[in-house]
Amino acid sequence: MRKNKDTDGPAAEEELTFPAAGPGAYRGEPGDRAGLGTRLAALLTVGAMSLLFVMILAAALPALIQPGPGSPLGWVWQPYQGHFGILPMCLGSLALAGFALIIGWPLALGLCCWLLTEEARAARPLVKLTSALIRFMTTIPTVVYGFAAVFLLTPLVRTALGGTGMCLLSAGIMLTFLVLPTMILVLEAGLGPRLKRLCPWGQALGFSRLDLLRFFVLPKARRNLTAAAVLGFGRAVGDTLIPLMLAGNATQVPGGLTESLRTLTAHMALVTANEVGGAAYNSLFVAGLILLLVNGGVSLALRRLETGARRGKEMRSC
């Protein structure tokens, strides 16, 4: 059989060669170098966090296994009498963060819903101003909140309820203002895109933006609502300056809104400023370990929510 002339000759015998698509085929390209840098940064971060956890755990273990009234897992903090219990501070942190979350989360959800569903033209300037103010609040240093509350809020609490004004109520109100912008932005980032996708056909069917948010978006946004609450709680339990300046720093379990308390973060700041070495100083490592576990739990919870949301999207797309 005669060969085709178009395929005869040296050009027909040449074979097209392609570079191997193995892992090292494009090792010298900028994209691969960027990926290597990212992986290296991730490994360094994980290594540093693991080393930090091991160091705090190693420093906290001697204090944890110490028997008797000097153990940090006690209810009395009287260092001059040999009592170094930090459990009142643990409850103080939970009480203050819980107060901020109970007040702040519904307020954040209400403000977010209003920002997303307000349709009146006359209210648009107010919506834009409120949104800009919320974003501006995230840039205000914590010490400014505390300094303003010392001169503006605590006198009002002192006049209305008595006492010194340095109490759970004062610290909780300012901590609510501190975590409120974070929760609003998280909710807005989760609910806004869903509402935007539903608006064209929903409004064509006669639904308002509020109806769409109420009946279609919020019932499916459990993960976003939980993520905002978890992130707000982690932000509240880890703050130092607000409880240090406004909570009164009494080493007791608070029995009411007008009583003073001390949180773990404020306790660590106070003891670090006055103690170097000794049992009181060693109890700080136990407090640091508890805070690290709480923040780690918050991070894992957020990661789990994010993974669950991604899996839900993949299942719906299939």
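Residues numbered from 1 in each chain as written. Predicted model: local features only at pLDDT ≥ 70, side-chain atom pairs only at ≥ 80, totals over all residues. Heavy atoms only, no water.

This paragraph deals with the packing of helix H5 (residues 142–161) against helix H6 (residues 168–204). Relative placement of two packed helices is described by the angle separating their axes and the distance separating the axes. For the pair H5 and H6, the least separation of the axes is 9 Å and the interaxial angle reads 140°. The angle between H5 and H6 falls in the class oblique. When the axes of H5 and H6 are compared, the crossing they make is right-handed. Packed against H5, whose contacting residues are Thr 142, Tyr 145, Ala 149, Leu 153, Thr 154, Val 157 and Leu 161, the element H6 presents Leu 169, Ser 170, Ile 173, Met 174, Phe 177 and Leu 178 at the interface. Across the contact of H5 with H6, the residue classes tally to 10 nonpolar, 3 polar and no charged. (Axes fitted to C-alpha atoms, helices over the stretch in contact; angles between N-to-C directions. Helix = DSSP H or I, 4+ residues; strand = E, 2+ residues; numbered from the N terminus. Parallel < 35°, antiparallel > 145°, perpendicular 65-115°, else oblique. Left-handed = near helix turned anticlockwise from the far one by under 90°. Contact = heavy atoms within 4.5 Å. Nonpolar A, V, L, I, M, F, W, Y, C, P; charged D, E, K, R; others polar.)

Before going further, it helps to examine the packing of aromatic side chains. Per the counting criterion, the structure on display carries 5 aromatic pairs. Aromatic side chains Trp 77 and Phe 84 sit 5.8 Å apart centroid to centroid with 75° between the ring planes, which places their arrangement in the edge-to-face category. The same class applies to Trp 77 as to Phe 84, namely buried. Ring centres of Tyr 281 and Phe 285 lie 5.9 Å apart, and the angle between their planes is 85°; this geometry places the pair in the edge-to-face category. Note that Tyr 281 and Phe 285 are positioned in helix H11 (residues 279–317) at a spacing of 4 residues, about one turn of the helix. You can call Phe 285 partly exposed: its relative accessible area is 26%. (Phe/Tyr/Trp six-rings, centres within 6.5 Å; stacked < 30°, edge-to-face > 60°. Buried < 20%, exposed > 50% of the residue type's maximum accessible area, 1.4 Å probe, protein only.)

Glancing now at the side chain of Thr 176. Mapped onto the elements of the fold, Thr 176 is located in helix H6. Beyond its immediate stretch of four places on either side in the chain, Thr 176 contacts Phe 99, Ala 100, Ile 103 and Gly 104.

Quick look at the environment of Thr 176 now. Relative accessible area serves as the criterion here: at 6%, Thr 176 is assigned to the buried category. Thr 176 sits 73 residues away from Ile 103 along the chain, and the two C-alpha atoms are 6.8 Å apart.

A maximum bend of about 50° is found in H5 at Ala 149. Contact partners of the buried residues in H5: helix H4 (124–137), H6, helix H8 (222–237) and helix H9 (241–246). (Bend = angle between axes of the 7 residues up to and from the residue.)

Here the focus is the packing of H6 against helix H7 (residues 209–217). Following both chains from N to C, one finds H6 and H7 inclined at 115°, their axes separated by 9 Å at the closest point. Here the hand of the crossing between H6 and H7 comes out right-handed. Mapping the contact onto sequence places Leu 191, Arg 194, Leu 195, Leu 198, Cys 199, Gly 202 and Gln 203 in H6 and Arg 209, Leu 212, Leu 213, Phe 216 and Val 217 in H7. Class assignment for the residues of the contact of H6 with H7 results in 8 nonpolar, 2 polar and 2 charged.

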